[in-house]
Amino acid sequence: MKYRISHTTKYAYSEPVPVCQNKVHLRPRNSRRQTCSSYSLIVHPEPVLVDTHLDYFGNTVEYFSLVDSHRGLTVTATSEVEVKPAESTNGLEATPPWESMVEALRSRPPQSDVNNCLFAYDSDYAKASEALAEYARASFTPKRPIGEAANDLTRRVFEDFEYNPGATNVKSQVSEVFANRAGVCQDFAHLEIACLRSLGLAARYVSGYLRTIPPPGKPRMIGADASHAWLSVYCGAAGWIDFDPTNNVIPGTDHVTIALGRDYADVCPIQGVFVGGGDHTLNVSVDVAPLGQAR
């Protein structure tokens, strides 16, 4: 599946902003299943400085600075991406027993696996706890294949937790989500990651987009697609396998990956600081359109 993606963020300020510094993760990653063939970032007002580099996790990061007074900021990232189907879920039962993965992560790994171990430790938004370990053990029964167990945990999060945008905010902790049994995609990804880390397993946060499909006979709503989040679990020789607890699916061609990290803090689409501005409003519009339908 090939897509043209447009992600526009608009800030409006009640007072002038004389200076601001920003960092963005908006360029889709290249991987075995995904290829970004074109990408552009347009910022208005035009920044005095733009710098691009790869971060520790291999994500493209762009910095830009504005030093002229302004009362509005628009950031638009446009890209074209091809996404290939995921492997069949039938292979989940062939993944290693989850206990063997815990043992491998705790032992001294080869250099090639050092980065994988990083994702087994706590991060700001995804901290291990005994309560989460107990919840996860219902899926992670003795000697169960890790992929099969993670898929079952994904199903349980989907069934046990309510999707409710008003239940949390961007700073909500996993403990709050677990207690209230409600949240959004970011919360469910953090929750399942924390459950896995509570058992000693490695899991990472994935930010990206999810293509929405209109009801039969209805046109696409331009700008109605949204930023999305899911997780990826380290399964040894089987590599990293993605799971989407918000929708209870293994991400396929409807999911476009932007960035990977320990949690949301590592991959926030746009973050920065500004001086002045008074009150401000924020509007975000995302459009994920199959090539040939973009407009």
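Residues numbered from 1 in each chain as written. Predicted model: local features only at pLDDT ≥ 70, side-chain atom pairs only at ≥ 80, totals over all residues. Heavy atoms only, no water.

For the rest of this paragraph, the subject is the overall build of the protein chain. On a plain count of helices and strands, the protein chain comes out with seven helices and 14 strands. Rg of the C-alpha trace for the protein chain: 20 Å, near the compact-globule value of 19 Å for 295 residues, within the 12% margin. Taken over the C-alpha atoms alone, the protein chain extends approximately 60 × 45 × 40 Å along its principal axes. Per-residue burial for the protein chain yields a buried fraction of 49% across its 295 residues. Once local pairs closer than 6 in sequence are excluded, the contacts in the protein chain between residues at least 24 apart make up 76%. Here the protein chain displays about 14,300 Å² of accessible surface, and carbon together with sulfur accounts for 51% of that area. Counting 27 positive and 33 negative side-chain charges, the protein chain places the centres of these two groups 3 Å from one another. (Helix = DSSP H or I, 4+ residues; strand = E, 2+ residues; numbered from the N terminus. Rg over C-alpha atoms; globule rule 2.2 N^0.38 Å. Buried < 20%, exposed > 50% of the residue type's maximum accessible area, 1.4 Å probe, protein only. Contact = heavy atoms within 4.5 Å. Areas by Shrake-Rupley, 256 points an atom, 1.4 Å probe, with all protein chains shown as cover. Lys, Arg positive; Asp, Glu negative; His and termini not counted. Charge placed at Lys NZ, Arg CZ, Asp CG, Glu CD.)

Overall, the coordinates contain 14 aromatic pairs when judged by the stated rule. Considering the side-chain rings of Y163 and F188, the 6.5 Å spacing of their centres and the 65 degrees angle between planes classify their relative orientation as edge-to-face. Of this pair, Y163 sits in strand β7 (residues 162-163) while F188 sits in helix α6 (residues 185-198), and the two are 25 residues apart along the sequence. When its relative accessible area of 49% is taken as the criterion, Y163 is described as partly exposed. Note on F188: relative accessible area 3%, which makes it buried. (Phe/Tyr/Trp six-rings, centres within 6.5 Å; stacked < 30°, edge-to-face > 60°.)

Let's shift gears to α6. For α6, built from 14 residues, the straight-helix expectation of 20 Å at 1.5 Å per residue is met to within 8% by its first-to-last C-alpha distance of 20 Å. Most of α6 is tucked away: 14 of the 14 residues are buried. Phi for G200, located one or two positions after α6, is positive at around 95 degrees. (Expected span 1.5 Å × (residues − 1).)

By secondary structure assignment, the location of S65 is in strand β5 (residues 60-66). Exposure remark for S65: the relative accessible area of 9% places this residue in the buried category.

Pairing between strand β1 (residues 2-17) and strand β6 (residues 70-83): twelve bridges, direction antiparallel. Bridge pairing in β6 links H7 to A77. Across eleven bridges, the pairing between β1 and strand β14 (residues 280-290) is antiparallel. Across the sheet, I5 pairs through a bridge with V288, a residue of β14. (Pairing = 2+ DSSP bridges.)

Next up on the list: the layout of surface pockets. By volume, the largest pocket is sized at about 1,100 Å³. As for the largest pocket, its lining consists of 45 residues, of which Q186, S227, Y264, P269 and V284 are closest to the centre. For the lining of the largest pocket, the elements supplying multiple residues, two or more each, are β1, β2 (19-24), α6, β9 (203-210), β10 (226-234), α7 (264-267), β13 (270-275) and β14. In terms of residue class, the lining of the largest pocket is built from 26 nonpolar, 18 polar and one charged. Taken as a whole, the second largest pocket encloses approximately 790 Å³ of empty space. (1 Å grid on protein atoms, 1.4 Å probe; cavity = no way out; pocket = protein on both sides within 12 Å on 5 of 7 lines; lining within 4 Å. Points joined across faces, edges and corners; volume = space filled by probe spheres on them. Nonpolar A, V, L, I, M, F, W, Y, C, P; charged D, E, K, R; others polar.)

Scanning the model with the defined rule gives eight salt bridges in all. A network of salt bridges, in which partner residues are shared, links R144, E148, D152, R155 and E159. (Salt bridge = Lys/Arg side-chain N within 4 Å of Asp/Glu carboxyl O.)

Two strands pair when backbone bridges link them, and strand β4 (residues 49-54) and β5 are joined in this way by six bridges, in the antiparallel orientation. Residue pairing for β5: D51 is matched across the bridge by Y63.

Another aspect to go through is the sheet that holds β9. Sheets are built from strands that pair by backbone hydrogen bonding, the pairs being arranged parallel or antiparallel. Spatially, the four strands line up as an open sheet ordered β11-β10-β9-β12, and their pairing is antiparallel. The two strands at the open ends of the sheet, each matched to only one other strand, are β11 (240-243) and β12 (255-261). The average undirected angle you get between the axes of adjacent strands in this sheet is 35 degrees. Pairing of β10 with β11 involves four bridges; the strand directions are antiparallel. Following the sheet pairing, L231 is matched in β11 by F243. Together, β10 and β11 form the strand contacts of helix α4 (residues 146-160), whose direction differs from that of β11 by roughly 15 degrees. α6 rests against β9 and β10 of the sheet, and its axis sits at about 10 degrees to β10. (Axes fitted to C-alpha atoms, helices over the stretch in contact; angles between N-to-C directions.)

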